[in-house]
Amino acid sequence: MKLVWTEFAIENLKIIFDYHASKAGRKVAHTIRKKIFTSTKQLMQHPESGQIESHLEKLSQQYRYILSGHYKIIYTLNHECVIISDIFDVRQNPVNLMNDQRNKK
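Only a predicted model underlies this, so the values are computations on that prediction, with no experimental measurement involved.

Thresholds applied
- Residues numbered from 1 in each chain as written.
- Predicted model: local features only at pLDDT ≥ 70, side-chain atom pairs only at ≥ 80, totals over all residues.
- Heavy atoms only, no water.
- Pairing = 2+ DSSP bridges.
- Helix = DSSP H or I, 4+ residues; strand = E, 2+ residues; numbered from the N terminus.
- Contact = heavy atoms within 4.5 Å.
- Axes fitted to C-alpha atoms, helices over the stretch in contact; angles between N-to-C directions.
- Phe/Tyr/Trp six-rings, centres within 6.5 Å; stacked < 30°, edge-to-face > 60°.
- Buried < 20%, exposed > 50% of the residue type's maximum accessible area, 1.4 Å probe, protein only.
- Lys NZ or Arg CZ within 6 Å of the ring centre and 35° of its normal.
- Salt bridge = Lys/Arg side-chain N within 4 Å of Asp/Glu carboxyl O.

A separate point is the sheet that holds strand β4 (residues 71–77). Taken together, five strands build an open sheet; the order of strands is β1-β5-β4-β3-β2 and the sheet is mixed. Each end of this open sheet is capped by a strand with a single partner; those strands are β1 (2–5) and β2 (51–52). In this sheet, strand β5 (residues 81–89) lies alongside β4 in antiparallel orientation, the contact comprising seven bridges. What sits directly across from Y75, in β5, is I84. Helix α1 (residues 7–23) contacts β1, β4 and β5 of the sheet and is inclined by roughly 35 degrees relative to β5.

Here the focus is the packing of aromatic side chains. One pass over the full model with this rule turns up one aromatic pair. Judged by centre distance (5.4 Å) and plane angle (65 degrees), the ring pair of W5 and F37 falls under edge-to-face. Linking W5 in strand β1 with F37 in helix α2 (residues 26–45), this pair joins segments that are 32 residues apart in sequence. For W5, a relative accessible area of 19% translates into the label buried. Residue classification places F37 among the partly exposed positions, given a relative accessible area of 35%. The ring of F17 carries the charged tip of R33 above its face, separated from the ring centre by 4.5 Å.

Scanning the entire structure with this criterion turns up two salt bridges. With a closest N to O distance of 2.6 Å, E53 and K72 form a salt bridge. With E53 in the loop between β2 and β3 (64–68) and K72 in strand β4, this residue pair connects regions lying 19 residues apart in the sequence. We classify K72 as buried; its relative accessible area is 13%. R91 is the partner of D89 in a salt bridge, and the nearest nitrogen-oxygen pair spans 2.9 Å. Of the residues examined, D89 reaches a relative accessible area of 15% and is grouped as buried. By relative accessible area, which is 51% here, R91 ends up exposed.

It is worth spelling out the pairing of β4 at this point. Extensive coverage of β4 is indicated by the burial of six of its seven residues. The sheet contact formed by β3 and β4 spans five bridges and is antiparallel. Bridge pairing in β4 places Y65 opposite I74. In this antiparallel pair of consecutive strands, β3 and β4, the connection spans two residues, and G69 shows a positive phi of 65 degrees. Between the antiparallel neighbours β4 and β5 lie three residues.

Spelled out as structure tokens, the structure:
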């Protein structure tokens, strides 16, 4: 399977990187970003390894997630690809996740 990142997910990853770079330094930010990328690679071999995201069950697509530190990597599947649609900080209110997915469309 191939991994595809949406613009929304890429933008959220940039925001995460910038936040950690300003608060803890670029080295920490690079480490967190690398950990997120490494976590997504498992999905190429095991695309259904993530749990179904219960907060997004009302949407038309079935969203799954895997965890990387404090971040949920939200994704969907199609025949050829794993589509990374969001990187969400689990320390936020889960309602924000639903709002993120509605607003990105």
